[in-house]
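# Topology and contacts: notes
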Amino acid sequence: MEWYYSDGKNQFGPVSDEEFFSLINNGEIGFNTLVWNEKMTDWIEFEKIKNTIKQEIDLSNDEGLCSECGKKFFKEEMISYNNIWVCSNCKSLFIQKIKEGVNLKGIFEYGGFWIRAGAKFIDFFIIYFVQISFSMLFAFLSRIALPQNDNYVGYILLFFFALFPVFYSTFMIGRFGATIGKMACGLRVVRPDGSKIEYWRALGRYFGELISGLILGIGYFLAATNEEKCTLHDMICKTRVIKIAV
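The present account deals with the structure reproduced in this document. (Residues numbered from 1 in each chain as written. Predicted model: local features only at pLDDT ≥ 70, side-chain atom pairs only at ≥ 80, totals over all residues. Heavy atoms only, no water.)

### Topic: the environment of Tyr-168
Along the polypeptide, Tyr-168 turns up in helix H4 (residues 151–176). Residues Tyr-168 and Ile-126, spaced 42 residues apart in sequence, show a C-alpha to C-alpha distance of 9.9 Å. The residues touching Tyr-168, leaving out its near neighbours within four places in the chain, are Asp-123, Ile-126, Ile-127, Thr-179, Ile-180 and Gly-181. (Helix = DSSP H or I, 4+ residues; strand = E, 2+ residues; numbered from the N terminus. Contact = heavy atoms within 4.5 Å.)

### Some details on a nonpolar patch on the surface
A cluster of nonpolar side chains, Phe-167, Phe-171, Phe-176, Met-183 and Tyr-199, forms an exposed patch at the surface whose accessible area comes to about 490 Å². Mapped onto the elements, Phe-176 comes out in helix H4. The exposure class assigned to Phe-176 is partly exposed, which follows from its relative accessible area of 39%. (Patch = residues over 30% accessible without salt bridge, like charges linked within 9 Å, V, L, I, M, F, W, Y side chains within 5 Å. Areas by Shrake-Rupley, 256 points an atom, 1.4 Å probe, with all protein chains shown as cover. Salt bridge = Lys/Arg side-chain N within 4 Å of Asp/Glu carboxyl O. Buried < 20%, exposed > 50% of the residue type's maximum accessible area, 1.4 Å probe, protein only.)

### As for the pattern of salt bridges
Evaluated as defined, the whole model comprises six salt bridges. For Arg-116, the salt bridge is made with Asp-234, and the minimal N-O distance between the two is 2.9 Å. Remark: Asp-234 occurs in helix H8 (residues 232–237) and Arg-116 occurs in helix H3 (residues 113–145); sequence separation between them is 118 residues. The residues Arg-116 and Asp-234 share a single accessibility class, namely buried. Several salt bridges share partner residues, and in doing so they unite Arg-116, Arg-205 and Asp-234 into one network.

### Observations concerning the environment of Ile-49
Tracing the backbone shows Ile-49 in the loop between strand E4 (44–45) and strand E5 (63–65). With 14 residues separating them along the chain, Ile-49 and Val-35 place their C-alpha atoms 9.3 Å apart. Leave out the neighbours within four places in its chain, and Ile-49 touches Trp-3, Val-35, Met-40 and Ile-44.

### Some points on the side chain of Ser-212
Mapped onto the elements, Ser-212 comes out in helix H6 (residues 199–214). On the accessibility criterion, Ser-212 (0% relative accessible area) is buried. Leave out the neighbours within four places in its chain, and Ser-212 touches Gly-217, Ile-218, Gly-219, Tyr-220, Leu-232 and His-233.

### Observations concerning the packing of aromatic side chains
Under the defined criterion, the tally for this structure stands at 13 aromatic pairs. Ring geometry for Tyr-4 versus Trp-36: centroids 5.7 Å apart, planes at 50 degrees, classification tilted. Taken together, the residues span a long stretch of sequence, with Tyr-4 in strand E1 (residues 3–6) and Trp-36 in strand E3 (residues 34–37) at a distance of 32 residues. The class for Trp-36 is partly exposed, based on a relative accessible area of 25%. Ring geometry for Phe-121 and Phe-125: centres 4.9 Å apart, planes at 70 degrees, overall edge-to-face. In this pair, Phe-121 and Phe-125 are both assigned in helix H3, four residues apart and thus about one turn of the helix distant. Owing to a relative accessible area of 53%, Phe-121 belongs among the exposed residues under this scheme. Look at Phe-125 and you get partly exposed, because its relative accessible area is 43%. Each member of the aromatic cluster is reached from another via a ring pair, and the members are Phe-121, Phe-124, Phe-125 and Tyr-128. Above the face of the Tyr-199 ring, Lys-196 is positioned so that its terminal group lies 5.8 Å from the ring centre. (Phe/Tyr/Trp six-rings, centres within 6.5 Å; stacked < 30°, edge-to-face > 60°. Lys NZ or Arg CZ within 6 Å of the ring centre and 35° of its normal.)

Take a look at the structure:
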């Protein structure tokens, strides 16, 4: 197989499998390096595929890959934290991330079924409160302004009841990575690599969640069956729900 790689400005390749792994071993290809081969549909950061080819990387028992920069070093020159290794150059940044409670690469604690159910319970009451408050205020103002014709009021309220949950979920997750309920429970919605999700993915996740509920809630209970606590809508939209420092 032939590989290509890029530093974001220049493209290199093709190189053989042997040359590719050699470049990984000597640190020329790091976690942020874009790579591509004929089996891929698009360029991707090496970090996202490292686990699938980890067995091919030439590491002795005395060597490890830095979780921050992706380069190979002797373990005696590195620090170890929860079975991952960090080189001396990245140590300060790594320690700072720990102090700030940042989820580190490869170290995610996923939100399980019950804590996610608790977050959903909080969000339900927030949405319900806003909907009821708006409907009461709008109905009252409408009767004062146009008491002779209030047929349209029901349609507007129905429209609001349908759209507000979509807006709430999409905006909160797209902007903050979590709804208020998830924030209260110390949860965040991210991509599988820990990166922030986009608004369009947050919107798709909302409708994917409807599917999880429509099939008798089975989509939600899938979170109890896999290591990453993925529900059906997580699988559809390629998202994960992780715990963060509160």
